[in-house]
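As a plain string of letters, each chain reads:
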Amino acid sequence: MKPKTAYESSFRLLCVISLLAFISYDLIRSPLLPLFAERLGARPEAIGLIVGISTVTGILFKLPAGTVSDLLGRRRLLLIGLSVFAIAPYFYFGVTQVWQLTVLRAFHGLATAIFAPVAMAVVVDLFREGRGEALSWYSSFSQAGRLSGRTVGGYLLVWFGFYQTFAISAVIGLMLIALFLTLKLPEDQPAALVVRHESSVALLQGLREVAGDRRVLITSGMEAIQMTASGALMAFLPLYGIKAGLHAGEVGLLFGAMGIASILAKPVLGRISDRIGRPPLIITGQLICAAVMIAIPWTAGLAGLLFLSLIFGFGEAVIGSSTSAMVADRCKEKSLGSAMGVFGTIMDIGHAAGPILTGFLIGIYGYAGAFSGIGILLVLTTVLFMRSFRTA
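Residues numbered from 1 in each chain as written. Predicted model: local features only at pLDDT ≥ 70, side-chain atom pairs only at ≥ 80, totals over all residues. Heavy atoms only, no water.

Caption draft 1: Molecular detail of the overall build of the chain. Looking only at helices and strands, the chain has 14 helices and 0 strands in total. Along the chain direction, N to C, the helices and strands of the chain fall in the order α-α-α-α-α-α-α-α-α-α-α-α-α-α. In the chain, of all internal contacts separated by at least 6 residues, the share reaching a separation of at least 24 is 86%. (Helix = DSSP H or I, 4+ residues; strand = E, 2+ residues; numbered from the N terminus. Contact = heavy atoms within 4.5 Å.)

As structure tokens, this is what we get:
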């Protein structure tokens, strides 16, 4: 894995920026967000919507963000996304109603919707070989930020409370802008800003190329189904953990365990993916996550839930080491932003559906039926993946 020499430090800094961005974002996502929503009086169905609505924003904006970055340049889009990370936390101080929290979460979702696909496209820009390993390193930092934010956020909530945690998130957001101003990236192509007709044609061609590739869509769909399970845990593992006798800090540790497993496993699995191919790892990871989802509602105590969280994080790493790299493998250089946008959009459909679907399932069947149902869904889609991929 050898980046362009001039931008080796840029890749490292981009990883650090992503780490801090997702720490800021996830400090107030889980376990804090479901508990804050419950404090405002939200029922399980509403909690699922509140947790999932930011991802709905991703569904609407990730594809345009990735495609527009192909035309207008990565730097501008990255700055817009990081600005939302910096501004949004201040609005939580004024939230007193469930509908206000829902609207704010939709706005806050713009941060990841814009930043995530563009940053992944930048990584692919910098690496012509070993993309699986490069994307795995980058996604490890992103995942570490997400799950470290949730771990620290749980203890911040126990020690200080909701509003102090919001303030810390806001301070980290401002740090992101300062770091971004020092980031050196390849120069954007200004021609796309001038030749609007050619830009529109390029946009449509990129979308057709990506959306017309069945393997890209199948691979993205598998990531989406896995993210359904991840979204379900993000929204309702905190509430289930509290019901099982854990406090918010211990619930945060569960997400931290997922992060440790993912951080340690993804770079190694990325190299394995580059060598043996993507599909075997996608199938294996999906089945691991399915087994954990089925086991969680039958597991009691911190030790057992920590063990399952470690296994789930490893399963996520197995899948994530291959899906984004496989999408990149299938696309031309000029359409990489579009490819990451399509991938992120389909993935976010699953991530948004997870909390919303699980909220309704919990209302009908309880935690055991809801979590087990999501696990069975993962098994069924894995079988469909194996069959459809052979004929794609």
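Caption draft 2: Just the packing of aromatic side chains, in detail. Within this structure, the stated rule accounts for 16 aromatic pairs. Centre to centre, the rings of Phe-93 and Phe-166 are 6.1 Å apart; their planes meet at 85 degrees, and the pair counts as edge-to-face. Within this pair, whereas Phe-93 is found in the loop between helix 4 (74-87) and helix 5 (98-126), its partner Phe-166 is found in helix 7 (residues 162-180), the two being separated by 73 residues in sequence. Judged by its relative accessible area of 0%, Phe-166 is buried. Here Tyr-155 and Trp-159 contribute two aromatic rings whose centre-to-centre distance is 5.4 Å and whose plane-to-plane angle is 40 degrees, an arrangement assigned as tilted. Remark: Trp-159 and Tyr-155 occur in helix 6 (residues 131-159); sequence separation between them is 4 residues, near one turn of the helix. On the basis of relative accessible area, Tyr-155 is assigned to the partly exposed category, the value being 22%. Taking relative accessible area as the criterion, Trp-159 reaches 59% and is therefore assigned exposed. (Phe/Tyr/Trp six-rings, centres within 6.5 Å; stacked < 30°, edge-to-face > 60°. Buried < 20%, exposed > 50% of the residue type's maximum accessible area, 1.4 Å probe, protein only.)

Caption draft 3: Representation of unusual backbone geometry in the model. Look at the link from Ser-30 to Pro-31: it is a cis peptide, with omega at 15 degrees. In this structure, Pro-31 sits in the loop between helix 1 (8-26) and helix 2 (32-39).

Caption draft 4: Molecular detail of a nonpolar patch on the surface. Together, Ile-260, Ile-263, Leu-264, Phe-307, Leu-310 and Ile-311 make up an exposed nonpolar region whose accessible area comes to about 550 Å². Counting residues per element, the ones that place at least two in the nonpolar patch are helix 11 (248-276) and helix 13 (302-330). Along the chain, the position of Ile-263 falls in helix 11. Residue Ile-263 is classed as partly exposed on the basis of its relative accessible area, which comes to 35%. (Patch = residues over 30% accessible without salt bridge, like charges linked within 9 Å, V, L, I, M, F, W, Y side chains within 5 Å. Areas by Shrake-Rupley, 256 points an atom, 1.4 Å probe, with all protein chains shown as cover. Salt bridge = Lys/Arg side-chain N within 4 Å of Asp/Glu carboxyl O.)

Caption draft 5: Main features of the pattern of salt bridges. Scanning the entire structure with this criterion turns up 2 salt bridges. Notably, a salt bridge pairs Asp-26 with Arg-146, separated by 3.8 Å at the nearest N-O pair. One end of the pair, Asp-26, is in helix 1; the other, Arg-146, is in helix 6, with 120 residues separating them in the sequence. Accessibility expressed as a relative area gives 0% for Asp-26, which makes it buried. Given the relative accessible area of 16%, Arg-146 is considered buried. Among the salt bridges present, the one from Asp-26 reaches Arg-150, with a minimum N-O distance of 2.8 Å. Taken together, the residues Asp-26 in helix 1 and Arg-150 in helix 6 connect sequence positions 124 residues apart. Judged by its relative accessible area of 6%, Arg-150 is buried. It is possible to trace a salt-bridge network through shared partners that takes in Asp-26, Arg-146 and Arg-150.

Caption draft 6: The arrangement of the packing of helix 3 (residues 44-72) against helix 4 in detail. Two elements in contact, helix 3 and helix 4, have axes separated by 7 Å at closest approach and are oriented at 140 degrees. In terms of orientation, helix 3 and helix 4 fall into the oblique class. Along its contact with helix 3, which presents Ala-65, Gly-66, Val-68, Ser-69, Asp-70 and Leu-72, the element helix 4 presents Arg-74, Arg-76 and Leu-77. Among the residues making up the contact of helix 3 with helix 4, the classes are represented as 4 nonpolar, 2 polar and 3 charged. (Axes fitted to C-alpha atoms, helices over the stretch in contact; angles between N-to-C directions. Parallel < 35°, antiparallel > 145°, perpendicular 65-115°, else oblique. Nonpolar A, V, L, I, M, F, W, Y, C, P; charged D, E, K, R; others polar.)

Caption draft 7: Spotlight on empty space enclosed by the protein. Throughout the structure, instances matching the rule amount to 1 cavity of 30 Å³ or more. Of the volumes computed, that of the largest cavity is approximately 640 Å³. Gln-143, Arg-146, Glu-223, Met-227 and Met-347 are the residues nearest the centre of the largest cavity, which is lined by 39 residues in total. With 8 residues, the single largest contributor to the lining of the largest cavity is helix 6. Broken down by class, the residue content of the lining of the largest cavity amounts to 17 nonpolar, 14 polar and 8 charged. (1 Å grid on protein atoms, 1.4 Å probe; cavity = no way out; pocket = protein on both sides within 12 Å on 5 of 7 lines; lining within 4 Å. Points joined across faces, edges and corners; volume = space filled by probe spheres on them.)

Caption draft 8: View of the nonpolar core. In this structure, Leu-101, Leu-233, Phe-236, Met-293, Ile-296 and Phe-312 are the most contacted members of the largest nonpolar core, which totals 50 residues. Considering each element in turn, this core owes the most residues, 10 residues, to helix 10 (residues 214-243). The residues touching Phe-236, leaving out its near neighbours within four places in the chain, are Pro-44, Ile-47, Gly-48, Pro-355, Thr-358, Gly-359, Ile-362, Tyr-367 and Phe-371. Among the nonpolar cores identified, the runner-up in size contains 44 residues, and Cys-15, Ile-23, Leu-176 and Leu-185 belong to it. (Core = buried A, V, L, I, M, F, W, Y, C linked by side-chain atoms within 4.5 Å.)

Caption draft 9: Looking closely at the environment of Gly-270. You can see Gly-270 is positioned in helix 11. The class for Gly-270 is buried, based on a relative accessible area of 0%. Residues Gly-270 and Ala-317, 47 residues apart in the sequence, show an inter-C-alpha distance of 8.9 Å.

Caption draft 10: Representation of the packing of helix 4 against helix 5. Put simply, helix 4 and helix 5 touch, their axes get as near as 8 Å, and they point 145 degrees apart. Classified by chirality, the crossing of helix 5 by helix 4 is left-handed. Of the residues in helix 5, those touching helix 4 at Arg-74, Leu-77, Leu-78, Ile-80, Gly-81, Leu-82, Val-84 and Phe-85 are Phe-107, His-108, Leu-110, Ala-111, Thr-112, Ile-114, Phe-115, Val-118, Ala-119, Ala-121, Val-122 and Asp-125. Among the residues forming the contact of helix 4 with helix 5, the class breakdown is 15 nonpolar, 3 polar and 2 charged. (Left-handed = near helix turned anticlockwise from the far one by under 90°.)

By themselves, these are just geometric observations and shouldn't be taken as functional.
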